[in-house]
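Descriptive structure summary
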Amino acid sequence: MPDSAASPIVRTTCPYCGVGCGVLATARPDGSVEIKGDPDHPANFGRLCSKGAALGETLGLDGRLLAPEIDGQPATWDEAIARVADGFSRTIAEHGPDSVAFYVSGQLLTEDYYVANKLMKGFIGSGNIDTNSRLCMASAVAGHKRAFGADVVPVSYGDLEQADLVVLVGSNLAWCHPVLFQRLLAARNARPGMKIVVIDPRRTPTAELADLHLPIRSGGDVALFSNLLVWLAEQGHADAAFVAQHTNGLEDALRTAEVTQQAETEALTGLSRAQIAAFREMFAAHRKTVTVFSQGVNQAADGTDRVNAIINCHLLTGRVGRPGMGPFSITGQPNAMGGREVGGLANQLAAHMEIENPEDRARVQRFWQAPAMATRAGLKAVDLFDAIEAGRIRAVWIMATNPAVTMPDADRVRRALKACPLVVVSDVERRTDTVEVADVLMPAASWSEKDGTVTNSERRISRQRGFRPLPGAARPDWRIICDVAKAMGFRQAFDYSGPAAIFDEHARLSALDNVGQRDFDIGGLVGLGRGGFDRLSPVQWPVPNQSSRQDGQILSDGRFFTPDRKARFVPTLSPAPVGADSATFVLNTGRVRDQWHTMTRTGRSARLSQHLAEPYVALHPADAKRTGIRAADLVRLSNDCGRLVARALITDAQQPGTVFSPMHWTGQTAVTARVDALVRGVVDPVSGQPALKSSRVSVQRHEADWYGFGASLERPDLAGTDYWAAVRSGAGYRFECAGRGDVPESRLTDRFLGLASGDGLERLQFLDNHLGLYRLAAFRRNRLIGAFLAAPAPVAVEREWLLSCLGETFDEVAQRARLLAGRPADANAGPGVMVCACNNVGTRAISAAVAGGACSVQAVGKVTGAGTGCGSCQSEIGRLLSNAQVAEAV
């Protein structure tokens, strides 16, 4: 822990996306924490997104897992460690080492990851450790290794700012990596000749700010980049010298790409000849080109081929390893890169070595003095949970992730875990869908409490530092893993003094027998000691020696990590297009602006739920008309894997025949909104990454007799309701619900609102059975503690205003009547719908600024502050401006 008297400000790293922003955290005497961006961190230079800025609001202990549990009962650490160690040891003795598995997470620190991988692959003797990074980055890893011979990302953030053209493929950077997107926009503002192209089936907030948006058909990526490859070669845009000196395999790649003719490319991509031509000309005209790709590329049955189709175009034009150019895989999690560095994927060894390479295995086994080295790759995530279902894996340890929500075919995964003889979960939350099926729970340290390193998307290692004491009985993940390892009989190999010692071992292994033949080398960080580790500043690998601690290009010498040190073109064949038929739609999934994964952290912040407080299904107006769905109706998606019910969002940003629903809602926050329950377990044959964006579903209007909205100081209890979704908001909670039959009255609504009779409880109610209307406001000593409003159609009330009234005192009858009406006396009171979460600016303030003469996003920002934080709401502000200008013209 830092010396708070000498330095109350702690430099740490954000625990959200792969941008890896530096954070300045100051713990105050009252227990609150002030959060600011670190102006000296080279990832963000002081800027934070809405999620990072709200980190101080997520640190409460309500709902935390604070003590071990066995079979739902409190236990001591000794009892929990013994149960896990004995359970794994007994299972291995009876069924062999491949009968157990670890499923870990990009939320772990590198030191946690390192000891988990060491325990499974070197001491248990199985490759069965995989990570939720399999769901987001495995195809990028496989594509890098096929092309470069190693999982090396050859681009830095500075290259985005030096580029003349940035192509964003399958990346909603404005929402998913907003700090990096703002760096990109700032670079374009400084150099207006710079261009941004977005290739995405949806017109996302990123696409709205691009110079060219290509609304590609789902599955058309390989066809588009194969067409580009052939055209670049035919038109003389190849860098012949680079290709000859530094690559192999161009002829085979071109021969395969030529199979897809121009007319087929148009059909496969859904793009016009003119759109394709415009993209090709832009790519050819700008030598300094960076192509950024993310989940829209990776999460596909042909994800690895998509990655290599992109890389092929960069190899042909010599745009790799040089400033302002290269293919750039942007990672989704804070330490997906760190996990890859230590071998967290089932088909890797530590330090980017290969599990199926005998020399690498021998080197790692000798270094670890490992008694039982795994000799082959373990099961990848989808196969791992299939093996649990089949009974081949009989003990699994899940760390810092929620697979009962995020894995494809999530309902089946949940059933498999429920039937597994031993399920161990180490987590920070007591209430998750995965925790519900665990036999042993072990409380882990959270961000602000743990200490170690993470690696961001540009290969930059940064320190995550603890600045709050461990609560309850929580322990850091590395210690929990080492305690179990010691109890299994491996005491000496896991007797670390702390994360600095683990990091030192990790650095030493990376440098072992490494004379430039492996990409990952941080030998220059060996021997830091505890003091040097505590002081470690952000550094970009490779760092092969002490004098090389500086940022720079990798692959700049044109030498890759294949046996002949040449890059490889990879032939990629376009698959059949992913399209809907007359009865089904293509389901796309992804993130929303202010939430993260399954909301276990962001869901603690009330303001992060104000922008989008409910799960939704986005569909095109033509599809809405065809299916009889109106705005704000409930929509049911279904297939033979599962079902989902969410609110309809009708928008022409969605392509006809497709729907989009976000990934964040769980069984803790909504009744039937786990979108991955609808996703089939189809995987890329090379990477094993599941195709999370192309399942087919039927779409129907979900019928309800009544719809309700509620606000409560207490956590609502909506069990048994046909539809509900609930999040924190303001002083309490907000929820939407709907059902069949009669409108709910006080017997049910008391439970909804968590009301307990007595002690001055007052109810003000209105009921009209004929119209199906019910309104309730509940007070305790004149203070509003809950409100519920129901009607036969989606309830039209001023939600944000009503939420702002929670906890306030209402003495007068007229004031209380306004609560039942759901509207303030002043129609302009309240913030309106939240737009800017960073600065708490709603639609009303923005509309007032526009009415007062603000005619640009920047002008609105000057008046209201909206869009001046992370900037991820700027496209939404732009839409409000456009709508106001159209209305004025009419």
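In case you missed it, the structure is sitting above this.
Everything numeric in this text was worked out from a predicted model, so none of it was measured.

**Regarding the nonpolar core**
- Phe102, Phe279 and Trp397 are the most contacted members of the largest nonpolar core, which totals 182 residues.
- No other element matches helix α3 (residues 110–124), which puts eight residues into this core.
- With sequence-adjacent residues up to four places away left out, Phe102 is seen in contact with Phe88, Ala116, Leu119, Met120, Ile124, Asn128, Ile129, Asp130, Leu384, Trp397 and Met399.

**Examining the sheet that holds strand β19 (residues 539–540)**
- Spatial ordering of the open sheet is given by β17-β18-β19, a layout of three strands whose pairing is antiparallel. Both edges of this open sheet fall to β17 (452–455) and β19, since each of them pairs with a single strand only.

**Notes on helix α28 (residues 843–851)**
- Thr843, Ile846, Ala849 and Val850 are the residues of α28 that are buried. Seen from one end, α28 has its buried residues packed into an arc of 125°, which puts them on one side. Those residues of α28 that are exposed and angled more than 90 degrees off the buried face are Ala848 and Ala851.
- Directly after α28, the chain includes Gly853, whose backbone phi takes a positive value near 115°.

**Some details on the packing of helix α9 (residues 221–234) against helix α13 (residues 273–285)**
- Relative to each other, α9 and α13 sit at 55°, their axes nearing to 10 Å. In terms of orientation, α9 lies oblique with respect to α13. Here α9 runs over α13; the crossing is right-handed. Contacts between α9 and α13 involve Leu224, Phe225, Asn227, Leu228, Trp231 and Leu232 from the first element and Ile276, Phe279, Arg280, Glu281, Phe283 and Ala284 from the second.
- Per-class residue counts for the contact of α9 with α13 are nine nonpolar, one polar and two charged.

**Quick notes on the side chain of Thr206**
- Structurally, Thr206 is set in helix α8 (residues 205–208).
- Only 3.0 Å separates the side chain of Thr206 from the backbone nitrogen of Leu173, close enough to count as a polar contact.
- Not counting chain neighbours up to four residues away, the residues in contact with Thr206 comprise Leu168, Ser171, Asn172, Leu173, Ala174, Trp175, Phe181 and Val198.

**Things to note about the packing of α9 against helix α12 (residues 262–269)**
- For the pair α9 and α12, interaxial distance at closest approach is 8 Å and the crossing angle is 150°. As the angle between them shows, α9 and α12 are arranged roughly antiparallel. Relative to α12, the crossing made by α9 is left-handed. Counted together, Ala223, Leu224 and Asn227 of α9 and Gln262, Thr265, Leu268 and Thr269 of α12 form the full contact between these two elements.
- Its residues assigned to classes, the contact of α9 with α12 comprises three nonpolar, four polar and no charged.

The rules behind these values
Residues numbered from 1 in each chain as written. Predicted model: local features only at pLDDT ≥ 70, side-chain atom pairs only at ≥ 80, totals over all residues. Heavy atoms only, no water. Core = buried A, V, L, I, M, F, W, Y, C linked by side-chain atoms within 4.5 Å. Buried < 20%, exposed > 50% of the residue type's maximum accessible area, 1.4 Å probe, protein only. Helix = DSSP H or I, 4+ residues; strand = E, 2+ residues; numbered from the N terminus. Contact = heavy atoms within 4.5 Å. Pairing = 2+ DSSP bridges. Arc of directions from axis to C-beta. Axes fitted to C-alpha atoms, helices over the stretch in contact; angles between N-to-C directions. Parallel < 35°, antiparallel > 145°, perpendicular 65-115°, else oblique. Left-handed = near helix turned anticlockwise from the far one by under 90°. Nonpolar A, V, L, I, M, F, W, Y, C, P; charged D, E, K, R; others polar. Polar contact = N/O pair within 3.5 Å; in protein donor to acceptor, adjacent residues only side chain to side chain.

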